[in-house]
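What follows is each chain in one-letter form.
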Amino acid sequence: MELTARKQKILSAVIESYISDGEPVGSKSLISKAELSVSSATIRNELAELTELGFLIQPHTSAGRIPTRLGYRYYVDNVLRLKPVGQSGRDYITSVLSRVAESPESVLQAAASLMTELTGLIALATTPDSEDARIRKISFVQTGASSAMAVLIASNGIIKTKLFRCGFLITPEILEVFDKALNEAFAGIRISSVNQPFIQTAAAGFGELSFFMPSALLAIKDAAQLAKEIGVYHSGYNRLLHVGESDFVPARRIMEFLSNSHDLARMLENLPLKTAAVIGQENSRTELAECSVVSSRYLIDSNPSGVLAVVGPLRLDYGRVMSITEAVAETVGDIIGKLIEI
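Notes on the structure in this doc start here. Not measured: the values here are computed from a predicted model.

A word on the nonpolar core. Judged by nonpolar contacts, the single largest core of 59 residues is most densely connected at Leu97, Leu308, Tyr318, Val328 and Val332. Broken down by element, this core gets its largest block of residues, 12 residues, from helix α12 (residues 318-341). Leaving out residues up to four positions away in the same chain, leucine 97 has contacts with Val107, Ala110, Ala111, Leu114, Val328, Thr331, Val332 and Ile335. Within the second largest apolar cluster, 30 residues are counted, among which are Met213, Leu217, Ala219 and Ala224.

Here we come to the sheet that holds strand β3 (residues 122-126). Overall, antiparallel pairing links the five strands, which are arranged β7-β3-β10-β9-β8 in an open sheet. Edge positions in the open sheet fall to β7 (232-235) and β8 (276-279), since each of these has one partner strand only. Taking each pair of neighbouring strands and ignoring which way they run, the sheet shows an average axis angle of 20°. Across four bridges, β3 lies against strand β10 (residues 303-313) in antiparallel orientation. Across the sheet, the residue bridging to isoleucine 122 is valine 311, located in β10. On top of the sheet, α12 reaches β8, β9 (291-300) and β10; it is set at about 30° to β9, its chief contact.

Opposite charge on two side chains makes pairing possible when the charged atoms of those side chains draw close. What the rule picks out here adds up to 14 salt bridges. In this structure, arginine 69 and glutamate 282 form a salt bridge, with 2.8 Å as the shortest nitrogen-oxygen distance. Note that arginine 69 is positioned in helix α4 (residues 69-79) and glutamate 282 in the loop between β8 and β9, a separation of 213 residues in sequence. Since its relative accessible area comes to 31%, glutamate 282 is described here as partly exposed. Notably, a salt bridge pairs glutamate 330 with arginine 90, separated by 2.9 Å at the nearest N-O pair.

Within a sheet, adjacent strands bond to each other through the backbone by hydrogen bonds, running parallel or antiparallel. Pairing in this open sheet of three strands is antiparallel, and the strands run β4-β5-β6 from one edge to the other. Each edge of the open sheet carries a strand with a single partner, namely β4 (135-142) and β6 (159-165). Each neighbouring strand pair of the sheet contributes to a mean axis angle of 20°, computed without reference to strand direction. Bridge count for β4 against strand β5 (residues 147-154) is seven bridges, and the pairing is antiparallel. Each residue of the ladder has a partner; that of phenylalanine 140, found in β5, is alanine 150.

Quick look at the pairing of β5 now. If a strand is regular, its side chains alternate between the two faces of the sheet. Most of β5 sits out of view: six of its eight residues are buried. Adjacent in sequence and paired antiparallel, β4 and β5 are bridged by four residues. As paired elements, β5 and β6 share seven bridges and run antiparallel to each other. For alanine 148, the partnering residue across the bridge sits in β6 and is phenylalanine 164. As consecutive antiparallel partners, β5 and β6 are separated by four residues, and within that stretch glycine 157 has a phi angle of approximately 90°, a positive value.

Turning next to the side chain of asparagine 283. Mapping asparagine 283 onto the fold places it in the loop between β8 and β9. Residue contacts for asparagine 283: discarding those within four places in its chain leaves Val278, Leu288, Cys291 and Val293.

Given a rise of 1.5 Å per residue, 17 residues ought to cover 24 Å, and the 24 Å separating the end C-alpha atoms of helix α1 (residues 5-21) matches this to within 8%. What α1 keeps buried is the set Lys7, Gln8, Ile10, Leu11, Ser12, Ala13, Val14, Ile15, Ser17, Tyr18 and Ile19. In this structure, the buried residues of α1 make contact with α2 (27-33), α3 (40-52), β1 (56-57), β2 (66-67) and α4. After α1 finishes, the residue glycine 22 shows a positive phi value of roughly 75°.

Our next topic: the side chain of serine 296. Structurally, serine 296 can be placed in strand β9. Residue serine 296 is classed as buried on the basis of its relative accessible area, which comes to 3%. Here threonine 275 takes part through its side chain, which lies 2.9 Å from a polar atom of the side chain of serine 296.

The next subject is α3. The end-to-end C-alpha separation of α3 is 18 Å, in line with the 18 Å expected for 13 residues at 1.5 Å each. Inspection of α3 places Ser40, Ile43, Glu46, Leu47 and Leu50 among the buried residues, and these make up the whole buried set. Along the axis of α3, the buried positions cluster into a sector of 120°, meaning they face one direction only. Exposed side of α3, more than 90 degrees from the buried face: Asn45 and Glu52 are the residues found there. If you follow the buried residues of α3, they end up packed against α1, α2 and β1. Once α3 ends, the next one or two residues include glycine 54, with phi positive near 95°.

Cut-offs and rules
Each chain has its residues counted from 1, following the order in which its sequence is written. For this predicted model, a pLDDT threshold of at least 70 governs which residues receive local features, and a threshold of 80 or more governs which side-chain atom pairs are given and counted, while totals over whole chains, interfaces and linings are taken from all residues. Side-chain calculation: all heavy atoms of the structure are included, whereas hydrogens and water are not. Among buried residues, the Ala, Val, Leu, Ile, Met, Phe, Trp, Tyr and Cys ones that are joined through side-chain atoms within 4.5 Å form a nonpolar core. Think of it in three bands: with a 1.4 Å probe and only protein chains considered, a residue is buried below 20% of the maximum accessible area for its type, exposed above 50%, and partly exposed in between. Helical segments are the DSSP runs of H or I of at least four residues, strand segments are the runs of E of at least two, and each set is numbered from the N terminus. Here, two residues are considered to be in contact whenever any of their heavy atoms come within 4.5 Å of each other. Here the rule is simple: two strands pair whenever DSSP picks up at least two bridges between them. Fitting a line to C-alpha atoms yields each axis, with helices limited to the stretch in contact; the angle taken between N-to-C directions then spans 0 to 180 degrees. A side-chain nitrogen of Lys or Arg and a carboxyl oxygen of Asp or Glu constitute a salt bridge if their distance falls within 4 Å. One less than the residue count of a helix, multiplied by 1.5 Å, gives the span that helix is expected to have. What qualifies as a polar contact is a pair of N or O atoms within 3.5 Å, subject to a donor-acceptor requirement within protein and to the restriction that residues adjacent in sequence count only when both atoms come from side chains. The directions considered for the arc run from the helix axis to the C-beta atoms.

Right, here's the structure in full:
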C-alpha cells in the first residue's frame, strides 16, 4: 500500500517520537515534528485514516497514537534511510574485535557482547556456514599415559576437539604416526561426509594400523559432527530479568526459546540474507511475536555465512540498530576471513 507524502511524514513523525520517549503522540505535537504547514484538524484527519488503515492505534480515546507492527513495517520498508556507522564507530568495532581474533568462536562471542553494549539488546551470533567446510588439518595432543585429544581444524576456521583413550600406552611416536596417516587420508574431505560408514571405509584402508586407531578414528568422527553443528553465541540474556511483572510470562517464554540452541540456530539460519528487520508476528517463532529481530549476515569470500542478530521490542530505533548490526557483521566477516586464510 502506497501512502501519500503527507501521510508518510506523519507516520514517520509518530514512530520516531514514540521510539524516542515511549509516549503516545497527539496531533498538536505533530505539527512541528512532521514539519507540515497544515492545521491540527487536518493532522487529526490524517491520523484517523492511518489508524483505519492499521498503521497506528489509539490506546485510549483521549490518548495520542502509537505505531502498530504494520506501521513499523511500512516505516522500515518505505521511509527509513540507513545511515552507515561513522569511521570512528567502525574503528572502535574493529579495535574491540581485533583484540580477540584468535578464532572465529572468540570473534563471534566478542561480537555478540559488543552488539549488546552498543544497542542495549539481546545479541546473537552464529558460526560460519559449515555446508561446504572441509578438514584442513588433524592433530593430536597427549593428555595421559593412555589418552589423547584429537583436534580437528576446518576450512571455515572452526576448531573442535575430542578426548579418546587407547588400550595401550601412547607415545609421541605413536601420535606422530596417527597424525601422518589421518592427515593423508582426511585432509580436504568434506566434514559433512565424515560419518560412521566413512570411518569404517577409511579404517579398512589403513590395514594393520587400523587395529591401533579405532578410538582415534571415532574421536575424529565425533569432532566432525560437532563442527557440522551451528554454534550460537549470545549476550544480554540478563536483560530479560528486568522486565515488568506484567511481561514476566512472555519474557520467560522468550528465555526458554533462546536457551534451545537447536531451534534458535534453525531460526537464525532462516533469517534474510541481507540486513533486515523481522517485526512481530513476521517471526517464525510465536515466542517472538511481540519482538523485533534485526539481523545481518557476515560474508566470507564474498559469500553469506553466519548471522549476527539482535532481539528487542517492537519499539526499536530500527535505523540505528540496523546500521550497527550491519557494521559489526562487515567487520566480523573481514576478521574471520583473514583467520581462515592463515
